[in-house]
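Each chain, letter by letter, is given below.
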Amino acid sequence: MADTYESLLAKNKKYLWNPFTQMKEYLKEDPIIIERGQGVKLIDVNGREYYDGNASVWLNPHGHNHPYLNQAIEIQLQKIAHSTLLGMSNVPAILLAEKLVQLSPKNLQKVFFSDSGAEAVEIALKMAYLYWRHRNRPEKNTFISMKNAYHGDTVGAVSVGGMDLFHASFERMLFKSEKVPYPYPYRFAGTAEACKQESIQALEEKLKSSADQIAGLIVEPMVQGAGGMIMMPPGYLTEVARLCRQYEVLLIVDEVATGFGRTGKMFACEHENIQPDLLTVGKKLTGGYLPVAATITTDEIYEAFYGDFAEVKTFFHGHSYTGNQLGCAVALANFELYEQEDLISKVQERSLQLADLLMPFQELSHVGEVRQLGLMVGIELVKDKQTKATYAYEEAIGATVCKRARELGLFTRPLDHVITFMPPLVVTQTELHDMTTILYQAIVDVTE
Ligand SMILES: *Cc1c(COP(=O)(O)O)cnc(C)c1O
């Protein structure tokens, strides 16, 4: 007999510790327990439906329970679920590596797989670090990262993170990295252009004084995601890339959130035609089905590790499930759907419709700023629109709005006082309309 909601909840309480979740709050608020998904909707064990307003934490492009993706897994499963990529290979991993190289900026030629975005970042950092050792520049052994950045939750990724709420308490576990400001025009006294210039100047000063010790710079291109959906002023990324070249610092772009069409381009770095040295992807890679991530890099970095056995330049890194066949097979089917459906063009069209739908939000008395690039949206709530004063953390304003949205039939998550909206990329205009109507109502009900 199937477990009831009540018995599942009791077992959740007894056995399961949910990620990024204050269990005391979560357990007292009738948490949603999902049983199924269909298209852009999640369906819980009580049969209630919710729009998946954050694409299951930013990773679902085609909707849930997609027949083509389901089938790709079934076909692969008849052959083999998993064999190791350590010292041998497999069919879907090779084909997926080829596909990723075809999709990526043209200087990127080699793919290294892992299981999560955080791991893809760890691998990029380790590659950059060893690259300079192999090039006989071992003093280049530290990193520049952005204030308020988010690159995942493993210790290396947290070391280049900059979100105090998540990261400050781990400080003594972390390796040191140099932080530079990320331009945040809404909270800058002056124009966006001045804000950009100030950030660039700070970066250039840091590079002038310490580039000899810097292996790489890591940045979330165009949009700082978990930091609050903060969007770079145009031209900033170009300048970052230029300075990295000038000062011989490897450029690592973390496209885990922005990659695969989320911002209206296949990769966010295409907005400024940037050619990074390393690029990380994760979310959306397998259509939101299975945990596969990748670090994509240049022949030049690959060549630095290439040598005779005795030189000991092997990249000693790998995970049990690296290159998992089921995950790689569904990823290949995922990209077939992108092509069949011309998904990136659809995202661009949908983004314009979404911009219209978001217009009325700006008028609300507690909406400070609505930020959008493609189908990536952050709505920053403020206590006072004139002074831009924020709500206190304890007021949990974002969580309260999301709770109200959930009652109205939309699931999404806040980033403190910023409400995120990241629908699956296949969302229709009607669905977008319904979803934004709920979101608007939730903000009005809680803040007006
Ligand atoms: C989500 C995210 C990560 C971490 O990915 P996981 O798969 O959750 O480990 C890294 N970088 C960015 C920009 C992200 O948004």
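Residues numbered from 1 in each chain as written. Predicted model: local features only at pLDDT ≥ 70, side-chain atom pairs only at ≥ 80, totals over all residues. Heavy atoms only, no water.

Asks: Which residues make up the overall build of the protein, and what values go with them?
Replies: Summing up its helical and strand segments, the protein has 15 helices and 17 strands in all. The C-alpha radius of gyration of the protein comes to 22 Å, within 12% of the 22 Å expected for a compact globule of 448 residues. Taking the principal axes of the C-alpha coordinates as reference, the protein spans close to 65 × 60 × 45 Å. Here the protein holds 448 residues, and 53% of them are scored as buried. Taking the contacts inside the protein whose residues are at least 6 apart along the sequence as the reference set, 71% of them involve residues at least 24 apart. Of the roughly 20400 Å² that the protein leaves accessible, carbon and sulfur atoms contribute 54%. Taking the average place of the 42 positive charges on the side chains of the protein and the average place of its 55 negative ones, the gap between the two points comes to 3 Å. (Helix = DSSP H or I, 4+ residues; strand = E, 2+ residues; numbered from the N terminus. Rg over C-alpha atoms; globule rule 2.2 N^0.38 Å. Buried < 20%, exposed > 50% of the residue type's maximum accessible area, 1.4 Å probe, protein only. Contact = heavy atoms within 4.5 Å. Areas by Shrake-Rupley, 256 points an atom, 1.4 Å probe, with all protein chains shown as cover. Lys, Arg positive; Asp, Glu negative; His and termini not counted. Charge placed at Lys NZ, Arg CZ, Asp CG, Glu CD.)

Asks: Can you lay out the site of the ligand for me, pointing to particular residues and giving the numbers?
Replies: Lining the immediate environment of the ligand, one finds Trp58, Ser116, Gly117, Ala118, Tyr150, His151, Gly152, Glu220, Asp254, Val256, Ala257 and Lys283. Separating an oxygen atom of the ligand from a backbone N or O atom of Gly117 is a distance of 2.8 Å. Separating an oxygen atom of the ligand from a side-chain N or O atom of Lys283 is a distance of 2.7 Å. For the ligand, the protein covers 83% of the area, taking 380 Å² as the surface of the free molecule. A breakdown of the residues in the shell around the ligand according to their chemical character gives five nonpolar, four polar and three charged. (Near = heavy atom within 4 Å. Polar contact = N/O pair within 3.5 Å; in protein donor to acceptor, adjacent residues only side chain to side chain. Nonpolar A, V, L, I, M, F, W, Y, C, P; charged D, E, K, R; others polar.)

Asks: Describe the sheet that holds strand 7 (residues 214-219), naming the residues involved and giving the relevant values.
Replies: Through backbone hydrogen bonds, the strands of a sheet pair up, either in parallel or in antiparallel fashion. One open sheet holds the seven strands; their spatial order is 4-12-11-10-7-5-6, and the pairing between them is mixed. At either margin of the open sheet sits one strand with a lone partner, and together these are strand 4 (108-114) and strand 6 (178-180). For this sheet the average axis-to-axis angle between neighbouring strands, irrespective of direction, equals 20°. As paired elements, strand 5 (residues 142-146) and strand 6 share three bridges and run parallel to each other. From the neighbouring strand, Ile144 faces strand 6, where its bridge partner is Glu178. Contacting strand 4, strand 5, strand 7, strand 10 (250-254), strand 11 (278-281) and strand 12 (293-298), helix 6 (residues 117-134) crosses the sheet at an angle of about 25° to strand 12. (Pairing = 2+ DSSP bridges. Axes fitted to C-alpha atoms, helices over the stretch in contact; angles between N-to-C directions.)

Asks: For the packing of helix 5 (residues 91-103) against helix 12 (residues 325-340), give the residues involved together with the corresponding values.
Replies: Where helix 5 contacts helix 12, the axes come no closer than 8 Å and their chain directions differ by 40°. Put simply, helix 5 runs oblique to helix 12. The handedness of the crossing between helix 5 and helix 12 is left-handed. Contact residues: helix 5 offers Pro92, Ala93, Leu95, Leu96, Lys99, Leu100 and Leu103, while helix 12 offers Gln325, Cys328, Ala329, Ala331, Leu332, Phe335 and Glu339. Tallied by class, residues from the contact of helix 5 with helix 12 come to 11 nonpolar, one polar and two charged. (Parallel < 35°, antiparallel > 145°, perpendicular 65-115°, else oblique. Left-handed = near helix turned anticlockwise from the far one by under 90°.)

Asks: Before we move on, could you go through the nonpolar core and cite the residues and values that matter?
Replies: The biggest cluster of nonpolar side chains holds 92 residues, and the ones touching the most others in it are Leu217, Leu285 and Ile379. In this structure, this core is formed jointly by two domains, domain 1 (32-65 + 342-447) and domain 2 (71-340), each of which donates at least three residues. Residues contacting Leu285, with those up to four places away along its chain left out, are Leu96, Leu100, Phe260, Val292, Ala293, Ala294, Ala331, Asn334 and Phe335. Listed in part, the 21 residues of the second largest apolar core include Tyr131, Trp132, Ile252 and Leu278. (Core = buried A, V, L, I, M, F, W, Y, C linked by side-chain atoms within 4.5 Å. Domains from an automatic or database assignment.)

Asks: Hey, could you go over the pairing of strand 12 for me, with residue numbers and the actual values?
Replies: Among the six residues that make up strand 12, six are buried, leaving the element largely enclosed by the rest of the structure. The sheet contact formed by strand 4 and strand 12 spans six bridges and is antiparallel. In the strand pairing of strand 12, Phe112 is matched with Thr295. Bridging between strand 11 and strand 12 involves four bridges; their strand directions are antiparallel. Within strand 12, the residue paired with Leu279 across the bridge is Ile296.

Asks: Summarise the packing of helix 14 (residues 397-408) against helix 15 (residues 429-447); cite the residues concerned and give the values.
Replies: Helix-helix packing is characterised by the crossing angle of the two axes and by the distance between the axes. Two elements in contact, helix 14 and helix 15, have axes separated by 8 Å at closest approach and are oriented at 130°. Looking at the two axes, helix 14 sits oblique to helix 15. For helix 14 against helix 15, the interelement crossing comes out right-handed. Within the contact between the two elements, helix 14 uses Ile397, Thr400, Val401, Arg404, Ala405 and Leu408 and helix 15 uses Ile438, Leu439, Gln441, Ala442, Ile443, Asp445, Val446 and Thr447. Looking at side-chain class alone, the contact of helix 14 with helix 15 contains nine nonpolar, three polar and two charged residues.

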